[in-house]
Amino acid sequence: DAGVIQSPRHEVTEMGQEVTLRCKPISGHDYLFWYRQTMMRGLELLIYFNNNVPIDDSGMPEDRFSAKMPNASFSTLKIQPSEPRDSAVYFCASRPRVRNTEAFFGQGTRLTVV
Amino acid sequence: QQQVKQSPQSLIVQKGGISIINCAYENTAFDYFPWYQQFPGKGPALLIAIRPDVSEKKEGRFTISFNKSAKQFSLHIMDSQPGDSATYFCAASGRNFNKFYFGSGTKLNVKP
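On a predicted model such as this, the values are computed, not experimentally measured, just so you know.

Draft legend 1. Representation of the environment of B:E56 within the structure. Residue and element names in this part refer to chain B. Within the element layout of this structure, E56 appears in strand β6 (residues 56–59). Residue classification places E56 among the exposed residues on the basis of a relative accessible area of 52%. In this structure, the C-alpha to C-alpha distance between E56 and F73, residues 17 residues apart in sequence, is 9.3 Å. The contact partners of E56, leaving out residues within four places of it in the chain, are I50, T63, I64 and S65.

Draft legend 2. A nonpolar patch on the surface, seen in detail. Residues and elements named next belong to chain B. Together, I18, I20 and M78 make up an exposed nonpolar region whose accessible area comes to about 240 Å². Topologically, M78 is positioned in the loop between β8 (72–77) and β9 (86–93). Residue M78 is classed as partly exposed on the basis of its relative accessible area, which comes to 35%.

Draft legend 3. Geometry of the interface of chain A and chain B. The interface of chain A with chain B comprises 18 residues on the first partner and 17 residues on the second. Of the roughly 1600 Å² buried at the junction of chain A and chain B (both faces included), carbon and sulfur atoms supply 47%. Viewed at the interface, chain B and chain A are joined by one salt bridge. A salt bridge links B:K99 to A:D56, with the shortest nitrogen-to-oxygen separation between them at 2.7 Å. Remark: the boundary between chain A and chain B carries eight residue pairs in polar contact (both at pLDDT 80 or more).

Draft legend 4. Focus on the sheet that holds β8(B). All names here are of chain B. Spatially, five strands are ordered β1-β3-β8-β7-β6 in an open sheet, and the strand pairing comes out antiparallel. Bordering the open sheet on either side are β1 (4–7) and β6, each of which pairs with just one other strand. On average, each strand axis in the sheet is tilted by 15 degrees relative to the strand beside it, whichever way the strands run. Pairing of β1 with strand β3 (residues 19–25) involves four bridges; the strand directions are antiparallel. Across the sheet, residue V4 finds its bridge partner in β3, namely Y25.

Draft legend 5. Geometry of the pattern of salt bridges. Residue and element names in this part refer to chain A. Enumeration over the complete set of coordinates arrives at 14 salt bridges over all chains. With its nearest N and O atoms 3.8 Å apart, the salt bridge here joins K78 to E18. Placement of the pair is K78 in strand β8 (residues 74–79) and E18 in the loop between β2 (10–13) and β3 (19–24), with a sequence separation of 60 residues. Under the relative-accessibility criterion, K78 is labelled partly exposed at 29%. Here the residues in one salt-bridge network are E62, R64, E83, R85 and D86, joined through shared partners.

Draft legend 6. Structural context of the state of the cysteines. All names here are of chain A. Throughout the structure, instances matching the rule amount to two disulfides over all chains. A sulfur-sulfur distance of 1.9 Å marks the disulfide that ties C23 to C92. Negative torsions about the S-S bond denote left-handed disulfides, and the value of about -65 degrees found for C23 with C92 makes this one left-handed. Note that C23 is positioned in strand β3 and C92 in strand β9 (residues 88–95), a separation of 69 residues in sequence. C92 carries the same exposure label as C23, and that label is buried.

Draft legend 7. Representation of the side chain of A:T20 within the structure. Relative to the helices and strands, A:T20 resides in strand β3. What A:T20 contacts, discounting residues up to four positions off in sequence, is A:P8, A:T76, A:L77 and A:K78.

Draft legend 8. Highlighting the confidence of the model for chain B. Averaged over every residue, the pLDDT of chain B is 94; residues scoring 70 or more account for 99%. Looking across chain B, the model is least confident in strand β10 (residues 100–102) of chain B, with a mean pLDDT of 92, and most confident in β8(B), with 98.

Draft legend 9. Structural detail: the side chain of A:T109. For A:T109, the position within the fold is in strand β11 (residues 109–113). Every residue in contact with A:T109, bar those within four places of it in the chain, is listed here: A:Q6, A:S7, A:P8, A:R9, A:L21, A:A88, A:V89 and A:Y90.

Draft legend 10. Representation of empty space enclosed by the protein within the structure. All told, the structure shown has one cavity of 30 Å³ or more when counted by the stated rule. Approximately 40 Å³ is the volume attributed to the largest cavity. If you trace the largest cavity, you find it lined by A:F33, A:Y35, A:A103, A:F105, B:Y36, B:F97, B:N98, B:F100 and B:F102. Within the residue set of the lining of the largest cavity, elements represented by two or more residues are β4 (31–38) of chain A together with β10 of chain B. Grouping the amino acids of the lining of the largest cavity by side-chain chemistry returns eight nonpolar, one polar and no charged.

The rules behind the values
The residue count restarts for each chain, going from 1 along the sequence in the order it is written. For this description, chains carry letters from A and ligands carry numbers from 1, given in the order in which they are written. Selection of residues for local features in this predicted model requires a pLDDT of at least 70, selection of side-chain atom pairs for listing and counting requires 80 or more, and totals for whole chains, interfaces and linings are taken over all residues. As a convention, hydrogens and water are excluded, and side-chain values are obtained from all of the structure's heavy atoms. Counting from the N terminus, the helices are DSSP H or I runs at least four residues long and the strands are E runs at least two residues long. The buried label applies to any residue whose accessible area, calculated with a 1.4 Å probe on protein chains only, is under 20% of its type's maximum; exposed applies above 50%, and partly exposed to all values in between. Contacts are assigned to residue pairs with any non-hydrogen atoms lying within 4.5 Å of each other. Here, patches come from residues exposed beyond 30% relative accessible area and free of salt bridges, joined within 9 Å for like charges and within 5 Å for nonpolar side chains (Val, Leu, Ile, Met, Phe, Trp, Tyr). Here the open area of atoms and residues is found with the Shrake-Rupley method and a 1.4 Å probe, where only the protein chains shown may cover a residue. Within this document, salt bridges are pairs made up of a side-chain nitrogen of Lys or Arg and a carboxyl oxygen of Asp or Glu, the two lying within 4 Å of each other. The term buried area means the drop in 1.4 Å probe accessible area that two parts suffer when joined, counted for both and summed. We call two N or O atoms a polar contact when they sit within 3.5 Å, provided that within protein one can donate a hydrogen and the other can accept it, with sequence-adjacent residues counted only if both atoms are side-chain atoms. Strand pairing requires that DSSP identify at least two bridges connecting the strands. Interaxial angle, 0 to 180 degrees, is taken between N-to-C directions of lines fitted to C-alpha atoms, where a helix line uses only the stretch in contact. By disulfide we mean two sulfur atoms from cysteines, separated by a distance within 2.5 Å. On a scale of 0 to 100, pLDDT captures the predictor's confidence in every residue. Within this scheme a cavity is a closed region of a 1 Å grid, computed over the protein atoms alone, that accommodates a 1.4 Å probe without allowing it to escape, whereas a pocket is open but has protein on both sides within 12 Å along at least five of seven lines; lining residues each have an atom within 4 Å of a point. Grid points are joined across faces, edges and corners, and a volume is the space filled by probe spheres set on the points. Side-chain classes follow a simple rule in which Ala, Val, Leu, Ile, Met, Phe, Trp, Tyr, Cys and Pro form the nonpolar group, Asp, Glu, Lys and Arg form the charged group, and the remainder, Gly included, forms the polar group.

Following this line, the structure appears as C-alpha cells:
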C-alpha cells in the first residue's frame, strides 16, 4: 500500500484566499484524522472521521476551517479565508477499525499564508 | 493547557551514548502511551508504545520506562546512532485510540 497520501506537499497562498488540502487514506481504514503541527502548539488533532462521518471536531480552531469526507477514499480540509496564523504543517492520518491499532500519518502539507 | 509535557526541547548525544526523553501527564484516564519518531519532511511514525499495566517495555535499542504513580514515562535510546537523529514525540490517549495528546517534541541530534 502507498500509505496515506496528501496533496499538495507545499502550498503558498495569500491571506484571504481559500485553501483546500487533500487526503487519501489507506484503503480499508475506517478512521481518518486531521492534525496541525506548529512550533508554538505542537501537534494538535483538528477533527476525526469514522466511516466518513465527523465524530469530533472540537479541535477545529474557527469557523474558517471545515473538513469533509465524501467517501472512504478522500477527505478535504478547507480554510476560507486563510490567515497568516494558519501557516503550519497539516497532517492526515488513518487507522483501521480494529481495536488498539495505531494511526498511520501522511507526509503532510506545509501551508504558508503570506 | 497542555495534557502531556515533554522535556528536554532538544538533546545532543554522542554516538554510542544513551538518549533520555521525559514526559509527564495529568489525566489518569489515559490508557496508552506511544512514542513517535519524525524525520524532516515526514509524518510522525510510531516507534514504541506502552500500556500502564507494565513498568517497562523494550524493543531493540528503545525502551519505555513507565511510572504510574508519578504519572511519568520516558524513552531511552541505548547506543544512540546518527540515524536516530530526529524529533521524538510522546503522546497519550484514552481507550478509544482516537484522541491523542502529543508532547511538544524533542529534537535529538546524535553526533558521529
